[in-house]
Amino acid sequence: MRKFLYLLFSLALIAALVTYALWTTERPAGHYLSDLRINLAVDQGTPADRGNLLGIQPELFPTDYQSPERLHRKLAAYLQAARDMGFLNAKTVVVLPEHIGTWLMVGGEKDELYQATTLKEAMHWLAVSNPLAFIQALVSAQGDNRLDDAYLRMKAERMAHDYQALFGGLAKEFGVTLVAGSIVLPEPSVSEGELKIGRGALYNSSLVFGSDGRPIGQPQRQRHPVFEQRDVLGAEQPAAPLVIDTPAGRLGVLIGSDSWYPLHYRQLNEQGAQLIAVPAFVIGRGAWDKPWSGYKGLSTPSEVSLKPGEVSEGQAWHRLTLTGQLPISHARGGISVFLRGQFWDSGSAGQSFISHNGQHFPDGEVRGARLLNLWL
């Protein structure tokens, strides 16, 4: 009898494991509806033959990331609208927001993940739906927050491939230079025209694609992750921000809070940067109007007199970022583009703005996807 019960238990366990293994391989495509509309918020300057900076502030949700094809459909619709308005040409530099590539981590997952009510629950489904990849990532995780590190690391190779295919493809399809927001990857680098990952720390990085769809230079790694991210993300060692040549001029990219440091603008000046792109992201609905919390655990630069709580988050961005830094920045134009949307219980804030001749031109408080254009 004992042997029979043992056999019965073993068979039940095997059946459960087989059922679980089969369940993890199923990826049914759920119903997809998404708003493809985008409105023009800012059109600054006069059309000329010097090109333009075009910011796309998308409104994105988890289901937009269910497959690269879905995300392509939405972003291509935004770019087509910009083309129809006459904003795309061979000298256009398109700028997308911070972390637009990071959410590729939830691509190709089960419906339970997209239907989750909280980010924590969604990450639970990500782990249980990919048990082997998650365990492997957890073993190699680094930093103080190994669980979040594993979530970000477990699909890094696929994310890097999709990031280049999607955003490089869009740059080529529409014949523009494209600053592809940012993506979190382990030690990203470009080798022989391909975005590769390493095994070291995770970096929030941005890559620029030319109109041929190929990367221009190496990824720009974020140098100063905000306090909430420093237990997961690595900080690039002190070095000057990268400046690349585009048809519209020499371009520097500062990711998020990197744009708050006067030193970075002086380094861009030394390299002759004429344009500055700031992919950005502010988490939490209503955070834009809440008191600014300062440099969040990092030392405040000596040139900055702004104190925590003295102004709102939005006012701080306008005071610290882009050519509002005059006379520090010599760039003739810049743009800061924020990611908007709702990722489970994690909302977003941030209002994109253009910087030109020491003035800021914000997109306003209207919800939805927005275009911001600066003729150079």
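Shown above is the structure to which this text applies.
Conventions we followed
- Residues numbered from 1 in each chain as written.
- Predicted model: local features only at pLDDT ≥ 70, side-chain atom pairs only at ≥ 80, totals over all residues.
- Heavy atoms only, no water.
- 1 Å grid on protein atoms, 1.4 Å probe; cavity = no way out; pocket = protein on both sides within 12 Å on 5 of 7 lines; lining within 4 Å.
- Points joined across faces, edges and corners; volume = space filled by probe spheres on them.
- Nonpolar A, V, L, I, M, F, W, Y, C, P; charged D, E, K, R; others polar.
- Axes fitted to C-alpha atoms, helices over the stretch in contact; angles between N-to-C directions.
- Helix = DSSP H or I, 4+ residues; strand = E, 2+ residues; numbered from the N terminus.
- Parallel < 35°, antiparallel > 145°, perpendicular 65-115°, else oblique.
- Left-handed = near helix turned anticlockwise from the far one by under 90°.
- Contact = heavy atoms within 4.5 Å.
- Pairing = 2+ DSSP bridges.
- Buried < 20%, exposed > 50% of the residue type's maximum accessible area, 1.4 Å probe, protein only.
- Arc of directions from axis to C-beta.

(A) Geometry of the layout of surface pockets. Volume-wise, the second largest pocket comes out at about 380 Å³. Considering the residues around the second largest pocket, the lining is formed by 14 residues, among which Gln136, Ser140, Arg153, Met154 and Ile197 are closest to the centre. For the lining of the second largest pocket, the per-class residue count stands at six nonpolar, three polar and five charged.

(B) Here's a closer look at the packing of helix 5 (residues 131-139) against helix 6 (residues 146-153). Contact geometry for helix 5 and helix 6: axes closest at 8 Å, N-to-C directions at 125°. Taken together, helix 5 and helix 6 sit at an angle that is classed as oblique. As for how helix 5 packs across helix 6, the hand of that crossing is right-handed. Each of Phe134, Ala137, Leu138 and Val139 in helix 5 lies in contact with helix 6, whose residues at this interface are Arg146, Leu147, Ala150, Tyr151 and Arg153. Of the residues contributing to the contact of helix 5 with helix 6, the split by class is seven nonpolar, no polar and two charged.

(C) Spatial organisation of the sheet that holds strand 12 (residues 249-253). The six strands are arranged 11-12-13-15-18-19 in an open sheet whose pairing can be described as mixed. Looking at strand neighbours, the two that pair on one side only are strand 11 (243-246) and strand 19 (359-362), the edges of this open sheet. Ignoring which end each strand starts from, the neighbouring axes of this sheet average 20° apart.

(D) Looking closely at the packing of helix 2 (residues 68-84) against helix 7 (residues 156-174). Their axes nearest at 11 Å, the elements helix 2 and helix 7 cross at an angle of 25°. Put simply, helix 2 runs roughly parallel to helix 7. Like other packed secondary-structure pairs, helix 2 and helix 7 cross with a definite hand, here right-handed. Contacts between helix 2 and helix 7 involve Pro68, Leu71, His72, Leu75, Ala76, Leu79, Gln80 and Arg83 on the former and, on the latter, Asp162, Leu166, Phe167, Leu170, Glu173 and Phe174. Class assignment of the residues belonging to the contact of helix 2 with helix 7 gives a composition of nine nonpolar, two polar and three charged.

(E) Expanded view of helix 9 (residues 313-320). Taken together, the buried positions of helix 9 are occupied by Glu313, Gly314, Ala316, Trp317 and Leu320. Mapping the buried residues of helix 9 onto a view down its axis gives an arc of 160°, with all of them on the same face. Those residues of helix 9 that are buried lie in contact with helix 8 (262-270), strand 13 (275-280), strand 14 (282-283), strand 15 (333-338) and strand 18 (353-356). Phi turns positive, to about 65°, at Leu322, one or two residues after helix 9.

Taken by themselves, the reported measurements are silent on function.
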